[in-house]
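# Results of the structural survey
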Amino acid sequence: MAATGAVSLSRIKQIAIPVHSVERAKAFYRDTLGLKHLFDAPPALSFFDCGGVQLMLAGPEAQGKDGDKQHPVLFYDVSDIKETHARIKSSGAKSITEPHVIARMGGREIWIADISDGQGNVVGLMSDVPEA
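Residues numbered from 1 in each chain as written. Predicted model: local features only at pLDDT ≥ 70, side-chain atom pairs only at ≥ 80, totals over all residues. Heavy atoms only, no water.

### Examining the packing of aromatic side chains
Centre-to-centre distance and the angle between the planes together describe a pair of aromatic rings. We apply this condition: Aromatic pairing here means that ring centres of Phe, Tyr or Trp (its six-membered ring) are within 6.5 Å. Orientation follows from the plane angle: under 30 degrees is stacked, over 60 is edge-to-face, and everything else is tilted. Helix numbers and strand numbers start at the N terminus; a helix is a DSSP run of H or I with at least 4 residues, a strand a run of E with at least 2.
Scanning all chains against the criterion turns up 3 aromatic pairs. Centre to centre, the rings of Tyr29 and Phe48 are 6.4 Å apart; their planes meet at 45°, and the pair counts as tilted. Of this pair, Tyr29 sits in helix 1 (residues 22–32) while Phe48 sits in strand 3 (residues 45–50), and the two are 19 residues apart along the sequence. Through pairs of rings, three or more aromatic residues link up here, namely Phe28, Tyr29 and Phe48.

### Quick notes on the sheet that holds strand 2 (residues 36–41)
Backbone hydrogen bonds are what pair the strands of a sheet, in a parallel or an antiparallel way. Under the convention used in this document: If DSSP finds at least two bridges between two strands, the strands pair. Axis lines are fitted to C-alpha atoms, over the contacting stretch for helices. Their N-to-C directions set the angle, which ranges from 0 to 180 degrees. Any two residues whose heavy atoms approach within 4.5 Å are treated as being in contact.
Taken in spatial order, the 8 strands of this open sheet run 2-3-4-1-5-8-7-6, and their pairing is mixed. Lying at the two open borders of the sheet, with one neighbouring strand each, are strand 2 and strand 6 (95–105). Strand after strand, the sheet turns through a mean of 20° between neighbouring axes, direction not considered. In this sheet, strand 8 (residues 122–130) lies alongside strand 7 (residues 108–116) in antiparallel orientation, the contact comprising 9 bridges. Considered in strand 8, the bridge of Ala113 is made with Leu125. Its contacts with the sheet place helix 3 (residues 81–90) against strand 6, strand 7 and strand 8, and it is angled at close to 5° to strand 7.

Following this line, the structure appears as structure tokens:
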């Protein structure tokens with residue numbers, strides 16, 4: 001983070017892309033683009049490695065009630081998601097979701113939070129920390 005107290009995001013950890021068909025999208029990203037498939041997760045998610053950035057394909061079942069209006073979301077890697085989220089909110093940005101755990105894997109917790117950019121886009125924050 002910058003010394004001025006402003007947040008400085010510099011590394012994209014994950015890109016979420018809404019798709020109409022996970023199976024068709026999976027075939028495209030794996031077979032046509034040659035990305036390494038990592039794993040699938042319910043209800044309709046498929047994950048790929050794109051040079052160290054995780055690509056998440058989200059089918060309609062995973063998109064929620066506003067799925068047809070969703071845009072791709074960039075998730076920025078942050079070390080302290082609660083502090084970063086609070087600092088961004090204190091600058092006047094609207095919080096969409098507060099920091100929360102979405103998965104526990106191998107002694108690690110994956111945390112996410114979402115902020116609105118004020119232009120109809122979601123800015124995601126993501127943190128991978130030791131399990132509490």
